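Commentary on secondary and tertiary structure
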Amino acid sequence: MEFDVAYLAQQWPALLSGLWMTCKVTVLAVFFSLVIGLLGAAFRLFRVPVLAQLTLGYVEFIRNTPILVQLFFIFYGLPAVGFGISPFWSGVLCLSLWAGAYQVENVRGGLLTIEKGLREASFALNLNLNQYFRLVALPLAVRTSLPSMLNTSISLLKNSSYLQAIGLAELTFVAIDRIATDFRAVEMFAAIGVLYLGLVVLLSMAASVVEHRLKKPFRS
Amino acid sequence: MDVLIENSVLIGKGLSMTLGLAVFTLILSTIVSVILGVLATLPGRALRWIIHGYVEFFRAIPLIVNIFFVYFVLPMFGVDLSPFTAVVTGLTLWGSANGIEIVRGGIEAVPPHQWRSAWALGMRRWEVYLHVVAPQAIRLIVPPFTGLLTLLVQATSLGALVGVTEFLKVGQIIIERGAIMEGVSPAFFIYGFVLVVYFIICSALSWLSRYLERRLNRKPASKQQVLPSGMRESV
């Protein structure tokens with residue numbers, strides 16, 4: 001058995017379409033998870049009645065259950081009670097909810113490091129709560145929590161491979177599908193291994209660039 | 001509710017299989033993590049880089065790809081694996097990658113003056129590890145390891161994808177049966193039930209991890225963060 005490069009070249013278009021699907025799902029889910037994270041952190045921090053408790057329960061629940069079961073619940077469980085969603089949007093929903101739980105904690109961690117004095121100063125300057133949050137707290141908090149937020153996003157990218165289980169044609173699905181017909185497992189795994197590693201490294205590098213950029217005002 | 005009572009034997013089997021996967025993986029990962037984690041703190045630079053590569057590689061590859069790789073590729077080289085062994089192997093590779101970081105972090109968090117004092121007393125390297133470093137590092141290592149166990153229990157659900165009859169797979173079997181016999185899919189209820197059971201097991205473990213952390217670190221050995229960044233979220 002030897003490593004067949006020609007086979008990989010032939011399967012390249014299929015892999016590329018899988019990669020594109022992985023990227024699409026990841027980007028959408030990262031966006032929605034950040035929205036969830038910001039809202040959830042605000043609810044928790046400002047102790048909005050009911051919503052704050054719900055957020056806490058949601059975070060604990062997501063963290064302490066396997067993402068695969070969450071995915072099956074959304075994709076197979078919800079249609080049974082009349083909420084059928086396509087594999088693509090089930091995937092986006094599942095990943096967003098999963099990563100959102102971590103983003104709540106990431107953003108909250110960042111916001112907690114902000115000194116109380118800043119809030120008092122903002123109110124003294126006649127900013128309202130909304131303005132304080134948007135103009136003062138958030139820009140500072142994002143800087144502190146950025147590394148962990150990007151970490152979560154990288155995990156999200158890796159976890160998009162779970163969508164293989166509901167038949168969404170992303171990278172892992174394409175590979176497993178081809179292995180089932182062509183038995184070229186070594187080549188396929190080498191290919192998707194390199195692609196995933198590449199994506200993760202690329203994201204980590206982008207992360208450090210962004211981090212460096214955001215630190216600019218604080219460098220002497 | 002009747003569905004659950006009818007299938008209680010099956011559910012019990014599934015749960016014990018999940019537990020088996022988790023326990024086996026935990027034992028193997030612990031052994032690998034401790035050995036490689038200690039080796040990674042030795043002065044040899046080449047060794048440290050190799051272990052670092054191992055850790056980074058298995059943390060960057062999606063876990064599911066990892067397990068599929070073990071399941072599909074190793075048999076091609078003549079290693080015949082049952083689904084159970086394949087899952088344990090795949091999970092161990094991933095679990096130990098995270099475990100190594102915990103062990104290494106725990107050992108490196110022991111303040112350097114402890115080393116210098118031990119050397120000043122004429123202890124050999126292995127004596128320092130055994131009598132000075134280990135007692136201090138263990139209290140830093142145990143809580144995050146319990147946290148890792150939570151993640152391992154969650155990750156065992158991947159066994160369902162390669163045909164291990166663990167808890168999630170049992171849920172799928174019950175749903176299929178129900179759909180055939182009753183004509184209505186109990187998917188919502190059964191998957192909901194599976195989620196709740198996992199939640200109970202894992203929150204208990206998370207609680208244990210937090211409890212141990214408070215308990216073992218009452219004397220502040222070190223305030224350094226031992227948990228490698230991003231580890232809590234890699235499942």
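Before reading on, note that the structure itself is shown above.
Counting restarts for each chain: residues are numbered from 1 in the order of the written sequence. Here the convention is simple: chains get letters from A, ligands get numbers from 1, in the order in which they are written. Whole-chain, interface and lining totals are the exception, using all residues; otherwise, since this is a predicted model, local features are given only for residues with pLDDT of at least 70 and side-chain atom pairs are given and counted only at 80 or more. Neither water nor hydrogens contribute to the side-chain values; these are computed over all heavy atoms in the structure.

Considerations on the overall build of chain A
To be explicit about the condition: A run of H or I in DSSP becomes a helix once it reaches four residues, and a run of E becomes a strand once it reaches two; helices and strands are each numbered from the N terminus. Accessibility here uses a 1.4 Å probe with only protein chains present; expressed as a share of the type maximum, an area under 20% marks a residue as buried, one over 50% as exposed, and anything in between as partly exposed. Any two residues having at least one pair of non-hydrogen atoms within 4.5 Å are treated as being in contact. A 1.4 Å probe and the Shrake-Rupley method give the accessible areas. Residues count as covered only by the protein chains that appear here. His is not counted, nor are the chain ends; Lys and Arg add positive charge and Asp and Glu add negative charge. To locate a charge, take atom NZ for lysine, CZ for arginine, CG for aspartate or CD for glutamate.
Along the backbone of chain A there are eight helices and zero strands. The N-to-C order of helical and strand elements in chain A reads α-α-α-α-α-α-α-α. Along the longest, intermediate and shortest principal axes, the C-alpha atoms of chain A span 70 × 55 × 25 Å. Taking all 220 residues of chain A together, 46% fall into the buried category. Relative to all contacts within chain A whose residues are 6 or more apart in sequence, the contacts with residues 24 or more apart total 76%. Split by element, the accessible area of chain A, about 10,700 Å² in all, is 69% carbon and sulfur. Computed over 16 positive and 11 negative side-chain charges, the separation of the two mean positions in chain A equals 16 Å.

Observations concerning unusual backbone geometry
All names here are of chain A. Although it is not a glycine, Val50 sits at a positive phi angle of roughly 65°. Note on Val50: relative accessible area 57%, which makes it exposed. In the Ramachandran plot, Asn126 falls in the positive-phi region, its phi being about 70° despite a non-glycine side chain.

Comments concerning the packing of helix H2 (residues 8-39) of chain B against helix H3 (residues 45-60) of chain B
Residue and element names in this part refer to chain B. Cut-off, in case you're wondering: Think of each axis as a best-fit line through the C-alpha atoms, taken over the contacting stretch in the case of a helix, with angles from 0 to 180 degrees between the N-to-C directions. Here is the rule for angles: anything less than 35 degrees is roughly parallel, anything more than 145 is roughly antiparallel, 65 through 115 is roughly perpendicular, and the remaining ranges are oblique. Three classes are used: nonpolar for Ala, Val, Leu, Ile, Met, Phe, Trp, Tyr, Cys and Pro, charged for Asp, Glu, Lys and Arg, and polar for all others, with Gly counted as polar.
Packing of H2 against H3 leaves a shortest axis separation of 9 Å and a crossing angle of 140°. Regarding the angle of H2 to H3, the classification is oblique. Touching Val32, Leu36 and Leu39 of H2 are Leu47, Ile51 and Tyr54, all from H3. Class assignment for the residues of the contact of H2 with H3 results in six nonpolar, no polar and no charged.

Let's talk about the interface of chain A and chain B
Operational definition: Here the quantity called buried area is the total loss of accessible area, with a 1.4 Å probe, experienced by two parts when brought into contact, counted for both. A pair is scored as a salt bridge if a Lys or Arg side-chain nitrogen falls within 4 Å of a carboxyl oxygen belonging to Asp or Glu.
Between chain A and chain B, the contact holds 42 residues from the first and 40 residues from the second. Summing both partners gives a buried area of about 3,600 Å² for chain A against chain B, and 74% of it is carried by carbon and sulfur. Taken together, the connections running from chain A to chain B amount to zero salt bridges. Counting residues per element, the side of chain A that touches chain B draws most heavily on helix H3 (residues 67-80) of chain A, which supplies ten residues.

Quick notes on the nonpolar core
To keep things clear, this is the line we draw: For this analysis, a nonpolar core means a set of buried residues of the types Ala, Val, Leu, Ile, Met, Phe, Trp, Tyr and Cys, connected via side-chain atoms within 4.5 Å.
Membership of the largest hydrophobic core comes to 90 residues, with the highest contact counts inside it found for A:Leu15, A:Val25, A:Phe189, A:Ile192, B:Leu63 and B:Leu168. Not counting the four nearest positions on each side in its chain, A:Leu15 is found in contact with A:Leu8, A:Leu171, A:Val174, A:Met188, A:Ala191 and A:Ile192. In terms of nonpolar packing, the next biggest core, distinct from the first, is built from 14 residues, B:Ile107, B:Val132, B:Val133 and B:Ile141 among them.

Thoughts on the packing of aromatic side chains
Operational definition: Here a Phe, Tyr or Trp ring, Trp counted by its six-membered ring, pairs with any other such ring whose centre lies within 6.5 Å, and the pair is stacked when the planes are under 30 degrees apart, edge-to-face when over 60, and tilted otherwise.
Taken as a whole, this structure holds 23 aromatic pairs over all chains when the rule is applied. Ring geometry for A:Phe75 against A:Tyr76: centres 4.9 Å apart, planes inclined by 75°, an arrangement best described as edge-to-face. With a relative accessible area of 16%, A:Phe75 lands in the buried category. Ring pairing ties together the aromatic residues A:Phe189, B:Phe68, B:Phe69, B:Tyr71 and B:Phe72, which thus form one cluster.

Concerning the pattern of salt bridges
All names here are of chain B. Taken as a whole and judged by the stated rule, the model has seven salt bridges over all chains. Arg59 is the salt-bridge partner of Glu101, the closest N and O atoms lying 3.9 Å from each other. Placement of Glu101 in helix H5 (residues 83-108) and of Arg59 in helix H3 is noted, with a sequence separation of 42 residues between them. Looking at Glu101, the relative accessible area reads 12%, which means it is buried. Note that Arg104 is salt-bridged to Glu101, the shortest N-O span being 3.1 Å. Taken together, the residues Arg104 and Glu101, both in helix H5 and three residues apart, mark about one turn of the helix.

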